[in-house]
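# Per-entry structural report
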Amino acid sequence: MFAEVVPFRPSGFANILTYKIKENSAETAETAESVESVESVEVGDIAEIAMGEKREKCIIVNILDTEPDFKTKNLGKIIAKNIYSPQDIKNICDIAEYFFTSPSHIVKKAIPANIRNTNFINTTEFVNQKKNPIVSKEIKNRIQISLGSVYSKRSTDEVEFIKKIIHDEKHTTQQVLVVFPDSITLEQTFLKYKKLFSDICVFHSGVSKKKQIEAFWKIKTGNVQIIFGTQYSLCLPFFSLSGIIVYEFAHGSHKAKFSPYTNTMQSAEIIANNNNIPLLYTSCAGDIATIYRNKNTTISRHEKIYSSQQNLHIVDMKMEHQNKNFSPLSGIAMQKIKNAIAQKKKTIIYINRKGVSHYIQCSNCGDSPVSQYTGSKMNVFKNEKNQIVLRCSAMAYAQSIEKHDFCAHCSAKMEKVGVGTQGIEELLYPLGAKILRIDGDSFHTKTAQKKMMQEIEKADIIIGTQMMLSVGSIPDCSLIVDILFENNLHFFSFTTEETAWGQIQLLQEMFERPDSSHHLEYIVQTFEPQLQLIENIKSFENFYASEILSRKILQYPPFVEYIEIECSAKTEEKVKKHIDIILHLLQGNESRVDAVEVKKVPHLQVFIASIRFFTQKGEKNIMQKLSELSIKYTVRRC
Ligand SMILES: [Zn+2]
């Protein structure tokens, strides 16, 4: 007998590994190192295996009768029984397959190291129960979409969805998972929801080891009904998952920015379909692909309760420049900020960029210093000692800027391009207000994040990046300034307008419901006021209709798939050869190539090529052919 396993540590060779289950015999059963007998090995068990020189844990995903045509090692001892059900394993494998990754990568994210490193013996007070058989029911409207502010009937939809599931079957435990874009949103929402439901368990990487282990076993043994988690919580071993809510599905963090490049929405749909359970999407904005994919389901759109108390100002920054105001803050924004300070109200300034400025560039030849790790332009920051430094956005790697006052190639003066959170902060110092900065730098530790709400309470002006959008509503906030909503427009992407539109809606969620006498001011600064998006800023229906039409005409997702293939080589020549092979392959499959980039990564001494393309459902064929080539590559859905 042989066991197919998914190791907790991703293997470089195969997605699923095969190990031999030794037949039970007298000699082997006695020693401590003895392998498991045939009868006791079942799908869903956790076992030990040898991977290279190391011992590793794995999930048994299949038992084979026939010997594979390669040499197999012996399976180690069984550590825990029945952790995953065959259904859970199918879900994980389906998600991994859809996102071109291995089940190991998904499991590694779903089960934090704190739990992976335990011996999986249920040491908590919860008794290990046998799993509920999932009762298959006909569900009408399996997927529902509820759009609107949290200050609208959308919140009621969420509460009713949960209540219906947990009260549906009186004598069996039904579990609802609410998936949040990140742990900040989760914790903020939890504060609201714990008044409504007593039985919520919180599961994310930010909670303590003890709480993680406790939550894991509660979820596994059916000792909790409502689970608040983040994306990979979808792949936990539930007792009886009976419904999923994807909370704020317009939030960018539902799409993973690092490997494995999965997203919550498609993962949730795979599970909802496999398990035949209802799924509710809620958001103040919504994302186009998800809404389009589910256009035949029930979509409800709720009006914000206090929408009439909000004034919108669209500021054309080209006019500001004509009037010789080159500051990133428009005249009206500066005036309103001063007013807000005088009235002891809070101002929120949104800019999706950290640091003093985005990067520096030679005024003559246009050269910019790049990171030796990623090959991307270095960002400009101020460190704790108030010195200007260049920093790589992906690695913490920083270098002093002195060397870079002048271009290394032509000795011309370097110029700062684009403003960031620190730049705006400097600009507002003269107002003498209490300024708080919320970006990955100021709140990068979990402890700091816990104190965030207290800090917000004390501040007059809050400057933040996308991270701030997770905070939710802020009491006494009367002014929001969106510095440059289209700040990604110069990297043209078909999702730019959608992202900007979603961020506008998320930002407005930061206004707390005001007294009826109060007015809220919302300033959007832009260089492109004629954009469709700006015209449709208040109408979701118009925005959606125009966006979906243009994508259909231009053949962008959701009408086609958008995929990136990345490969690397030691020499530029070799990487270019790889590109040619891949481009040739794409041509034969009627794909449209969007961009080809080659980056040098000096640190690793490799060249990385990235090829992005659109394809009309031909990706399976492409992947099949790609796997037959002798090129090492990674693939992701963009
Ligand atoms: Zn130069």
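Per-chain numbering applies: the sequence of each chain, read as written, is numbered from 1 onward. Note on the predicted model: pLDDT of at least 70 is required for a residue's local features to be given, and 80 or more for side-chain atom pairs to be given and counted; whole-chain, interface and lining totals, by contrast, use all residues.

## A look at the overall build of the chain
- Counting secondary structure elements, the chain contains 18 helices and 28 strands.
- To get the radius of gyration, use the C-alpha atoms; to get the globule rule, take the number of residues to the power 0.38 and multiply by 2.2 Å. The globule rule puts the C-alpha radius of gyration for 638 residues at 26 Å, and the 27 Å found for the chain is close to it.
- Whether a residue is buried, exposed or partly exposed is read from the other C-beta atoms within 10 Å of its own C-beta, which are placed from the backbone; 20 or more gives buried, 12 or fewer gives exposed, and intermediate counts give partly exposed. Per-residue burial over the chain gives 40% buried out of 638 residues.
- Any pair of residues counts as being in contact when their C-beta atoms, constructed from backbone geometry, are within 7 Å of one another. Put simply, 74% of the contacts in the chain that link residues at least 6 apart link residues at least 24 apart. Helix and strand labels come from DSSP, where a helix needs a run of H or I of at least four residues and a strand needs a run of E of at least two; each type is numbered from the N terminus.

## A look at the sheet that holds strand β25 (residues 561-569)
- For two strands to be treated as a pair, DSSP must find at least two bridges joining them. The sheet built from 4 strands is open, its strands ordered β26-β27-β25-β28 with antiparallel pairing. Single-partner strands in this sheet number two, and they are β26 (592-601) and β28 (633-637). With direction set aside, neighbouring strand axes in the sheet form an average angle of 15°.
- As paired strands, β25 and strand β27 (residues 606-615) are joined by 9 bridges and run antiparallel to one another. Across the sheet, the residue bridging to Ala569 is Phe607, located in β27.
- Angles here are taken between N-to-C directions and fall from 0 to 180 degrees, while the axes themselves are lines fitted to C-alpha atoms, restricted in helices to the stretch in contact. Its contacts with the sheet place helix α17 (residues 572-587) against β25, β26 and β27, and it is angled at close to 15° to β27.

## What about the nonpolar core?
- The biggest cluster of nonpolar side chains holds 120 residues, and the ones touching the most others in it are Val5, Ile59, Val179 and Ile244.
- Once residues lying within four places of it in the same chain are set aside, the contact partners of Ile244 are Leu177, Val179, Ala268, Ile271, Ala272, Ile277 and Leu279.
- Within the second largest apolar cluster, 15 residues are counted, among which are Tyr556, Ile579, Leu586 and Phe607. The nonpolar core criterion groups buried Ala, Val, Leu, Ile, Met, Phe, Trp, Tyr and Cys residues into a set whenever they are joined through C-beta atoms within 7 Å.

## Here's the deal with the domain arrangement of the chain
- Domain extents, as shown, originate in an automatic or database domain assignment. We note that the domain assignment places domain 1 (2-83), domain 2 (143-301), domain 3 (307-355 + 420-551) and domain 4 (561-637) within the chain.
- Each of domain 2 and domain 4 was reduced to a C-alpha centroid, and the two centroids are 35 Å apart.

## Some details on unusual backbone geometry
- Between Ser259 and Pro260 the backbone carries a cis peptide bond, its omega angle lying at -5°.
- Note on placement: Pro260 falls in the loop between β11 (241-247) and α8 (264-275).
- In this structure, Pro558 follows Pro557 across a cis peptide bond, with omega equal to 10°.
- Along the polypeptide, Pro558 turns up in the loop between α16 (540-554) and β25.
- The residue Gln555 is not glycine, and still its phi comes out positive at about 55°.
- On the secondary structure map, Gln555 appears in the loop between α16 and β25.
- A residue is classified by how many C-beta atoms lie within 10 Å of it, and Gln555, with 12 of them, is exposed.

## Focus: the pairing of strand β17 (residues 379-382)
- For β17 and strand β18 (residues 388-391), the ladder comprises 4 bridges, and the chain directions are antiparallel. Each residue of the ladder has a partner; that of Val380, found in β18, is Leu390.
- In this structure, the hairpin formed by β17 and β18 is closed by a connection of 5 residues, where Asn386 is found at a positive phi of approximately 65°.

## Side note on the sheet that holds strand β7 (residues 143-147)
- Across the sheet, 7 strands lie side by side as β9-β10-β8-β11-β12-β7-β13; this open sheet has parallel pairing. With partners counted over all chains shown, the strands left at the sheet margins are β9 (200-203) and β13 (298-301), one partner each. Taking each pair of neighbouring strands and ignoring which way they run, the sheet shows an average axis angle of 20°.
- Direction of pairing for strand β8 (residues 175-180) relative to strand β10 (residues 226-230): parallel, over a ladder of 5 bridges.

## Remarks on the packing of helix α2 (residues 86-98) against helix α3 (residues 103-110)
- Two numbers describe how α2 lies on α3: the axes approach to 8 Å, and their chain directions differ by 115°. Like other packed secondary-structure pairs, α2 and α3 cross with a definite hand, here right-handed. Together, Ile92, Cys93, Ile95 and Ala96 of α2 and Pro103, His105, Ile106 and Val107 of α3 make up the contact between the two elements.
- Each residue belonging to the contact of α2 with α3 can be placed in one class, and the counts come to 7 nonpolar, 1 polar and no charged. It is the rotation of the near helix from the far one that decides the hand of a crossing: anticlockwise by less than a right angle makes it left-handed, clockwise makes it right-handed. Residue type decides the class: Asp, Glu, Lys and Arg count as charged, Ala, Val, Leu, Ile, Met, Phe, Trp, Tyr, Cys and Pro as nonpolar, and the leftover types, Gly among them, as polar.

## Structural notes on α2
- Expected helix span is given by 1.5 Å per residue-to-residue step, counting one fewer step than there are residues. Compared with an ideal rise of 1.5 Å per residue, which puts 13 residues at 18 Å, α2 spans 18 Å between its outermost C-alpha atoms and is within 8% of the ideal.
- The complete set of buried residues in α2 reads Asp88, Ile89, Asn91, Ile92, Ile95 and Ala96. One face of α2 carries all of its buried residues, which in axial projection span an arc of 160°.
- If you follow the buried residues of α2, they end up packed against β4 (54-64), α3 and α8.
- Phe100 lies just past α2 and shows a positive phi near 55°. Here the arc refers to the directions that run from the helix axis out to each C-beta atom.

## What to know about the environment of Glu48
- Its place among the elements puts Glu48 in strand β3 (residues 46-51).
- Leaving out residues up to four positions away in the same chain, Glu48 has contacts with Arg55, Lys57, Gly76, Lys77 and Ile79.

## What about helix α11 (residues 331-342)?
- In this model, α11 (12 residues) spans 17 Å end to end at C-alpha, consistent with the 16 Å of a helix rising 1.5 Å per residue.
- Those residues of α11 that sit buried are Ala333, Lys336, Ile337 and Ala340. In a view along the axis of α11, the buried residues occupy a sector of 105°, so they form one face of it. Residues Gln335 and Ala342 are exposed on α11 and point more than 90 degrees away from its buried face.
- In this structure, the buried side of α11 is in contact with β14 (310-316), β15 (346-350), β22 (461-464), β23 (477-482) and β24 (520-526).
- At the C-terminal side of α11, Lys344 shows a positive phi close to 55°.

## Thoughts on the packing of α2 against α8
- Running from N to C, α2 and α8 point in directions that differ by 140°, and their axes come no closer than 10 Å. What the angle tells us is that α2 and α8 run oblique. The interaxial crossing formed by α2 with α8 has right-handed handedness. Touching Gln87, Lys90, Asn91, Asp94, Ile95 and Tyr98 of α2 are Gln266, Ser267, Ile270, Ile271, Asn274 and Asn275, all from α8.
- Its residues assigned to classes, the contact of α2 with α8 comprises 4 nonpolar, 6 polar and 2 charged. Working rule for angles: under 35 degrees goes down as roughly parallel, over 145 as roughly antiparallel, 65 to 115 as roughly perpendicular, anything else as oblique.

## A closer look at the pairing of β15
- Counting buried positions along β15 gives 5 out of 5 residues, so the element sits mostly inside the fold.
- As paired elements, β15 and β23 share 5 bridges and run parallel to each other. Looking at β23, one finds that Thr347 is bridged to Leu479.
- In this sheet, β22 lies alongside β15 in parallel orientation, the contact comprising 4 bridges. Across the sheet, residue Thr347 finds its bridge partner in β22, namely Ile461.

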